[in-house]
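Chains, contacts and geometry: an overview
What follows is each chain in one-letter form.
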Amino acid sequence: VWLQLPSTVLSQYVIDDSRGVGRQFDGIGGLSGGSATSKLLIGYPQKQRDEILDYLFKPSFGASLQILKVEIGGDAQASDATEASHMHVPWEENYERGYEWWLMKEAKKRNPQIKLYGLPWAFPGWIGNGTQNPYINRELLADYIYRWINGAKVQHNLDIDYIGIWNERYCDTEYLKILRKTLDKKGYYQTSIVASDNWFDPKVTGDTSVVAAFDVLGAHYPGVVSPEVVKQLGKKLWSSEDYSTFNDDVGGGCWARILNQNYESGLMTSTIAWNLIDSFYQGLPWDRTSLMTARQPWSGYYSVESPIWMSAHTTQFTEIGWSYLPHGLGVGALEQGGSYVSLTSPDHKDLTIVIEKMSHDHSPCIRPALPPYTVANENATIQLEGSFAGVTALYVWQSVLRFDSGASSTYFLDMGSVPVINGKVTVAIGVDQVLTLTTVPTGTHGTYDAPPPPAAFPLPFFEDFEKYPLSAEPFSLAPQQGSFDVVNVGGTYGKVMRQMVLQPPIAWCQETLYFNSSLNLLGRFNWTDVEVQVDVKVGQTNGSNGVFIGVRIDNGGCQTYVAKGLFFFIFPNDNIYLLASDIQGKNVLTSGREKVAIVSDWNHLTLTVQGQTVTGSCNNQQLFSMQVPNVNANGFVGLGTDVYGYADFDNFRVDNSS
Ligand code: 147
């Protein structure tokens, strides 16, 4: 690491706290949700699940994240599946749904110091009283958010440290003030408000009564820049959502660069990655734009990617509450391109210097566009002064990202320690490298044995929901619209899965407003010839009109409304069935109402596709068997309701048809 690089340049940097410090460091985080990005993680075998969670959260092991931000489920799609609200309807409250409570507890178990941050993307429809405006009754919305914070505390003993307004949507400043008042009145003084999870919004920063009501100004994808006026505001500045870049080494380069430069350039003291982990089915939007990848609970396979180790360069050697050093005295741009930041502990005994020299072409993030710049190797002499003048050695950790063909990158390598003589140390900083120099001795490149090899989703699949606790969201079904809870109906069916949403939610994806169906996906995007069976019953009160099962479904996420495939609907109250090639049931391939076996109680549906032949039956009576020339060749299987409303599903079975 030291003076290995042929370079004529010898640059010099001074690290000195004698003129005070810069801003307080607030931690590096990951975002679960916005939406359903952790969906498949909870279904992993215990051993691999614990390993993955250790790579994310265990201090001095892997990413060692300092903040976990989660979605407050709103029963609506917001990227990769819906997340359940704690109040599907106004007359209930439930804190057992989904997986975010579980994830927060697993994170806290590993790191009790980790900070928790909640933010809604969408809201149940009743919050807007049927409109798309969540602020129509601000007190009601504040109460709904307070209940989530209180449920976290009372039901799960989780303290929510930060709470947001509405992800990347209109920030109502009257509501912001009412939320602050509500939380104070209920005793949640400690929960800080982040505004506005969008951009450095002048509406938020311009009014002193609004500025007084929040603690953190959070911008998304700021491109390491914050305007001068917000730097003067006297508020913490965060990049409260960032990254979103494919997690190969370019993604690692993006993450390393913005972790340093969000402070060096933008004075942002926290950066949070969307998203924490790719634990959603391959084939859904935003493939691997995650710190690591774990989307095969059936095989146990997972993969630790470079952004995990780029995080470690900062997180393993700092704590929330440390301070950055002043610009020019520990923070700045490198002479030959790249950046360095230095942080010190509150007692100024510990020092951590993180250096990155990411080249332009190997570190763009998904957004915004990266302006051109150049980097070159340099040898740098670092002079320690002030409290650090007596430091005699620094531990060195290095990552080298390599893009030349055949070369392999090295991540977060323990380089031992380097002597510091008379406060001076010289290191070589190469292009596409990250270096940490630190007095903190506890860094570890955490490692587990390789997980089992990857495998395709195994068939046959069968789910009767009996193993789940009440209100659970079944692990392997990924709802794209609607929300599905395990409920107990007793009798021979026992536990079943019920679609719970009764009216259109306040959307995050505007596209979801184009139709009112629910859809729950499972399996593999590559499936071609499959048979799906399920027992279904529409609700008697607040019921949906109809239910469907589908195969070769080609779309999820915000584009669910244009999903194509083969969808077999029944409408028990009208005694009608139909087969359509789109989820909206507009392109009808066949339909009928005579001699059908549909009943108002439980019906057993079977849909089989083999090549171009599709066959459907209800209660073992065949309703159609036909050639379908122009449908998708492959896709997920799924089930759902034709409009929002209760419907029950049980004994869901998927098998190969050929
Ligand atoms: C963000 C969302 O907050 C996330 O839920 C996820 O969808 C993520 C994917 O990159 O994107 O939303 C943004 C969508 C578009 C822009 C910025 C953020 N944009 O075009 O600047």
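Nothing here was measured: the structure is a model prediction, and the numbers come from that model. (Residues numbered from 1 in each chain as written. Predicted model: local features only at pLDDT ≥ 70, side-chain atom pairs only at ≥ 80, totals over all residues. Heavy atoms only, no water.)

Read from one edge of the open sheet, seven strands run β23-β26-β35-β28-β29-β30-β31, paired in antiparallel fashion. Here the strands that pair on one side only, and so sit at the sheet edges, are β23 (478-481) and β31 (588-592). Taking each pair of neighbouring strands and ignoring which way they run, the sheet shows an average axis angle of 20 degrees. In this sheet, strand β26 (residues 519-522) lies alongside β23 in antiparallel orientation, the contact comprising three bridges. Looking across to β26, one finds that A478 is bridged to L521. (Pairing = 2+ DSSP bridges. Helix = DSSP H or I, 4+ residues; strand = E, 2+ residues; numbered from the N terminus. Axes fitted to C-alpha atoms, helices over the stretch in contact; angles between N-to-C directions.)

In the sheet, strand β32 (residues 603-610) pairs with strand β33 (residues 613-618) via six bridges, with the strands oriented antiparallel. Counterpart to L607 in the pairing with β33 is G616. Here β32 folds back onto β33, and the loop between the two strands holds two residues, one of which, G611, carries a positive phi near 60 degrees. As paired strands, β33 and strand β34 (residues 621-627) are joined by six bridges and run antiparallel to one another. Bridge assignment links T615 to a residue of β34, and that residue is S625. Connecting β33 to the antiparallel partner β34 that follows it, the hairpin turn spans two residues, and N619 within it adopts a positive phi of roughly 50 degrees.

With that settled, the discussion passes to the state of the cysteines. Going through the model one piece at a time under the given rule, you end up with two disulfides. One disulfide bridge connects C254 with C365, the sulfur atoms lying 2.2 Å from each other. Disulfide C254-C365: the torsion about the S-S bond is 100 degrees, which places it as right-handed. In this pair, C254 sits in helix α8 (residues 249-264) while C365 sits in the loop between β16 (351-356) and β17 (378-384), placing the two residues 111 residues apart along the sequence. Residue class for C254 comes out buried when judged on its relative accessible area of 0%. Judged by its relative accessible area of 12%, C365 falls in the buried class. Disulfide pairing places C509 opposite C558 at an S-S distance of 2.0 Å. When the S-S torsion is -45 degrees, as for the bridge of C509 with C558, the disulfide is left-handed. In this pair, C509 sits in the loop between β25 (495-499) and β26 while C558 sits in the loop between β28 (547-553) and β29 (564-571), placing the two residues 49 residues apart along the sequence. Judged by its relative accessible area of 2%, C509 is buried. Look at the protein and number its bonded cysteines as they come in the sequence; the links are 1-2, 3-4. (Disulfide = S-S within 2.5 Å. Buried < 20%, exposed > 50% of the residue type's maximum accessible area, 1.4 Å probe, protein only.)

With respect to the helices and strands, D582 occurs in strand β30 (residues 576-582). Summary of buried charges: D582 has no salt-bridge partner, and the nearest side chain of opposite charge, K564, is 5.9 Å away. A polar atom in the side chain of D582 sits 3.0 Å from the backbone nitrogen of K586. Sequence-distant contacts of D582, that is, excluding residues within four places in its chain, are made with A563, K564, G565, F567, F569 and N587. (Lys, Arg positive; Asp, Glu negative; His and termini not counted. Salt bridge = Lys/Arg side-chain N within 4 Å of Asp/Glu carboxyl O. Polar contact = N/O pair within 3.5 Å; in protein donor to acceptor, adjacent residues only side chain to side chain. Contact = heavy atoms within 4.5 Å.)

What follows deals with the site of the ligand. Around the ligand there are 13 residues in total, and G34, S79, E168, E241 and S244 lie nearest to it. Interatomic distance of 2.6 Å between a side-chain N/O atom of E168 and an oxygen atom of the ligand. At 3.0 Å from an oxygen atom of the ligand is found a side-chain nitrogen or oxygen belonging to R367. In the shell around the ligand, the residues fall into six nonpolar, four polar and three charged. (Near = heavy atom within 4 Å. Nonpolar A, V, L, I, M, F, W, Y, C, P; charged D, E, K, R; others polar.)

A few words now on the environment of A142. Within the fold, A142 resides in helix α3 (residues 138-156). In this structure the C-alpha to C-alpha distance between A142 and Q533, which are 391 residues apart in sequence, comes to 43 Å. For A142, the contacting residues outside a window of four places in its chain are Y175, I178, L179 and T182.

Our next topic: the packing of aromatic side chains. Evaluation of the coordinates by the stated rule reveals 44 aromatic pairs. When the centroid spacing of 6.1 Å and the interplanar angle of 55 degrees are considered together, the rings of Y55 and Y302 count as tilted. Highlighted residues: Y55 in helix α1 (residues 46-57) and Y302 in strand β12 (residues 301-303), separated in sequence by 247 residues. Residue Y55 is classed as buried on the basis of its relative accessible area, which comes to 5%. For Y302, a relative accessible area of 4% puts it in the buried group. An angle of 90 degrees between the planes, with centres 5.7 Å apart, marks the rings of Y55 and Y448 as edge-to-face. On the criterion of sequence distance, the pair formed by Y55 in helix α1 and Y448 in the loop between β21 (433-438) and β22 (461-463) is long-range, its members being 393 residues apart. Taken together, the aromatic side chains of Y55, F61, Y302, W309, F317, W397, F412 and Y448 make up a single cluster linked through ring pairs. For R367, the ring lying beneath its charged end belongs to Y221, and the centroid distance is 4.4 Å. Across the ring face of Y646, the terminal group of R498 is positioned such that the distance to the ring centre comes to 5.8 Å. (Phe/Tyr/Trp six-rings, centres within 6.5 Å; stacked < 30°, edge-to-face > 60°. Lys NZ or Arg CZ within 6 Å of the ring centre and 35° of its normal.)

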